[in-house]
Amino acid sequence: DKKEVDLAVQSAKAAFKIWRKKSGMERSRILLEAARIIRERKDEIATVETINNGKSVFEARLDIDTSWQCLEYYAGLAASMGGEHVQLPGGSFGYTRREPLGVCVGIGAWNYPFQIASWKSAPALACGNAMVFKPSPFTPVSTLLLAEIYTEAGVPPGLFNVVQGGAATGQFLCQHRDVAKVSFTGSVPTGKKIMELASKGVKPVTLELGGKSPLIIFSDCDIENAVRGAMMANFLTQGEVCCNGTRVFVQREILDKFTEEVVKQTKKIKIGDPLEEDTRMGPLINRSHLQHVLGFIEQAKNEGAKVLCGGDLCVPEDPKLKDGYYMTPCVLGNCKDGMTCVKEEIFGPVMSILSFDTEAEVLERANDTNFGLAAGVFTRDIQRAHRVVAELQAGVCYINNYNVSPVELPFGGYKMSGFGRENGRVTIEYYSQLKTICVEMGDVESVF
Ligand SMILES: NC(=O)C1=CN([C@@H]2O[C@H](COP(=O)(O)OP(=O)(O)OC[C@H]3O[C@@H](n4cnc5c(N)ncnc54)[C@H](O)[C@@H]3O)[C@@H](O)[C@H]2O)C=CC1
């Protein structure tokens, strides 16, 4: 509630006073220690994440890897953050300092709980800020491990605080007068509300919102890689991934061959207990979301799409899983641009295949959306690859791969998929502010 949010912010504020005084090297050392502990506890954290979210433990381990990598990356940048020196007439000069913002708020979605908290807190802390983080109420657990690890690594108590709750808690955080910035990952409607709330206090926001990203497969591609790319673009974390390439545009000459292979591979995905080593798809986040996703498939059928595989409720053989929120991953054929399954974010394991003939046509259709998070292109033609990505209206574009997230590269959207970036060097700018200092070396020349 409001009182607890206030306590968390006040304790973060007290920790900020200590933390901001530390040198970049000192902050770096503590972040590196936190990264080391995450690496050491990787299997345990991944197991908690699987229980938290339902994704396969195999995948959860990959999330934990990109989490400690993010801490290491920003630890590396912490000491080299600086301003510039500018010479002015008469020996005077100016310089700039990059300073922290203060107490930053992170609000996360349920699909990558530990990773989202790491991707937000690592650059925030590296820049000298404190953070109060609110995970999704569907996945409250793993973020607490991160808080524990930061504390063990040596951050001042309260520097990274976790508060639990839903929309109301999030609102209290966004409105709090001692909060300097809000970084949000979640849906477009919530993103709009957060922007509105933050605007009242003129607080900067970073918004990582949803998507309906295109994946364009030209007939000259390496088809095996394109099929693998399409699987990566649609079925990680039960398809509950914001940057998924769910509109798969395939050039007509290879449509049948590509579709046949994608369907074959999709049918092979092992669904089941996500804690088992060979499982590759676990349950969806909750029953209402499962029903929501199945509803999209029903609607797709009604609108003329063809279910090529999956799309059904799935009851695994293991009796202990019988009430789980499982479904079979789905490939939809015969899709058209106007269909709901092609226009709206489903956030489940549903791939829509569309055919196209020419580059100009597919670019027009790929960009015909309000979203702009990611896009992908598969081709062996190097000029075409770069020409196409230059025209795609998306913040993250992949050439001959999809859904890899090296922390060295900025991640974030165009259009209604949000603004601001996570990861990469540029994110330092979203967690700091620039101070200009003007130094006079001569006498004051007053105009009065
Ligand atoms: N661009 C990206 O990086 C990502 C985007 N997403 C998007 O997130 C959505 C699914 O995640 P959900 O958790 O269902 O999204 P959501 O928008 O319902 O909730 C996200 C977070 O915001 C909080 N929240 C809800 N209402 C709020 C309010 N009025 N004020 C402050 N906080 C509030 C929730 O408790 C949760 O922690 C999808 O649309 C997906 O595309 C998810 C993951 C990554």
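Because the structure is predicted, anything quoted here is derived from the model rather than measured. (Residues numbered from 1 in each chain as written. Predicted model: local features only at pLDDT ≥ 70, side-chain atom pairs only at ≥ 80, totals over all residues.)

A. Examining the overall build of the protein more closely. Looking only at helices and strands, the protein features 15 helices and 16 strands. Taken along its principal axes, the extent of the C-alpha atoms in the protein is 80 × 50 × 40 Å. When each of the 448 residues of the protein is scored for burial, the buried share is 50%. Residue pairs at least 24 apart in sequence account for 72% of intrachain contacts in the protein once pairs closer than 6 positions are excluded. (Helix = DSSP H or I, 4+ residues; strand = E, 2+ residues; numbered from the N terminus. Buried ≥ 20, exposed ≤ 12 C-beta atoms within 10 Å, placed from the backbone. Contact = placed C-beta atoms within 7 Å.)

B. Summary view of the UniProt feature "active site" (unreviewed entry) in the protein. Residues annotated by UniProt as "active site" (unreviewed entry) correspond here to Glu208. Position of glutamate 208 among the secondary structure elements: in strand S7 (residues 205–208). Other than its neighbours up to four places away in sequence, glutamate 208 contacts Phe184, Thr185, Cys242, Gly412, Gly413, Gly418 and Glu422. (UniProt positions renumbered as here; feature names shortened; annotations may be inferred.)

C. Quick look at the sheet that holds strand S1 (residues 85–87). Strand order in the open sheet formed by 3 strands is S1-S2-S16, with antiparallel pairing between adjacent strands. If you trace the sheet from one side to the other, it starts and ends with S1 and strand S16 (432–439), each paired once. On average, adjacent strands in this sheet sit at an angle of 20 degrees to one another, irrespective of strand direction. Bridging between strand S2 (residues 93–100) and S16 involves 8 bridges; their strand directions are antiparallel. If you follow glutamate 99 over to S16, its bridge partner there is glutamine 433. (Pairing = 2+ DSSP bridges. Axes fitted to C-alpha atoms, helices over the stretch in contact; angles between N-to-C directions.)

D. Looking closely at the site of the ligand. The immediate surroundings of the ligand are formed by 26 residues, with Gly170, Gly186, Thr190, Gly210 and Cys242 found nearest. Contributions of two or more residues to the shell around the ligand are made by helix H7 (167–175) and helix H8 (188–200). Broken down by element, the shell around the ligand gets its largest block of residues, 4 residues, from H7. Residue composition of the shell around the ligand, by class: 11 nonpolar, 11 polar and 4 charged. Mapping the shell around the ligand onto the domain boundaries places at least three of its residues in each of domain 1 (2–210 + 417–438) and domain 2 (214–399). (Near = placed C-beta within 6 Å. Nonpolar A, V, L, I, M, F, W, Y, C, P; charged D, E, K, R; others polar. Domains from an automatic or database assignment.)

E. Layout of the sheet that holds S7. Spatially, S5-S4-S3-S6-S7-S15 is the arrangement adopted by the 6 strands of the open sheet, whose pairing is mixed. The sheet is open, and its two borders are formed by strand S5 (160–162) and strand S15 (418–419), each paired with just one other strand. As paired strands, strand S3 (residues 103–107) and strand S6 (residues 179–185) are joined by 5 bridges and run parallel to one another. Looking across to S6, one finds that cysteine 104 is bridged to lysine 181. Most of the contacts of helix H5 (residues 113–126) go to strand S4 (residues 130–134), to which it runs at about 165 degrees, and overall it touches S3, S4, S5 and S6.

F. Just helix H9 (residues 223–235), in detail. Helix length check: H9 (13 residues) gives 18 Å between terminal C-alpha atoms against 18 Å at 1.5 Å per residue, within 8%. Regarding H9, the residues found buried are Ala226, Val227, Gly229, Ala230, Met231, Ala233, Asn234 and Phe235. Summarising the contacts, the buried residues of H9 are in contact with strand S8 (214–217), strand S9 (247–251), helix H10 (255–267), strand S12 (350–356) and strand S13 (374–378). At the C-terminal side of H9, threonine 237 shows a positive phi close to 45 degrees. (Expected span 1.5 Å × (residues − 1).)

G. Region of the structure containing H8. Between its first and last C-alpha atoms H8 spans 19 Å; for 13 residues at 1.5 Å apiece the expected length is 18 Å, and the two agree. For H8, the complete set of buried residues consists of Gly191, Ile194 and Ala198. The buried residues of H8 occupy an angular sector of 65 degrees when the element is viewed end-on, so they sit on one face. In H8, those exposed residues whose orientation departs by more than 90 degrees from the buried face are Pro189, Glu196, Ser199 and Lys200. (Arc of directions from axis to C-beta.)

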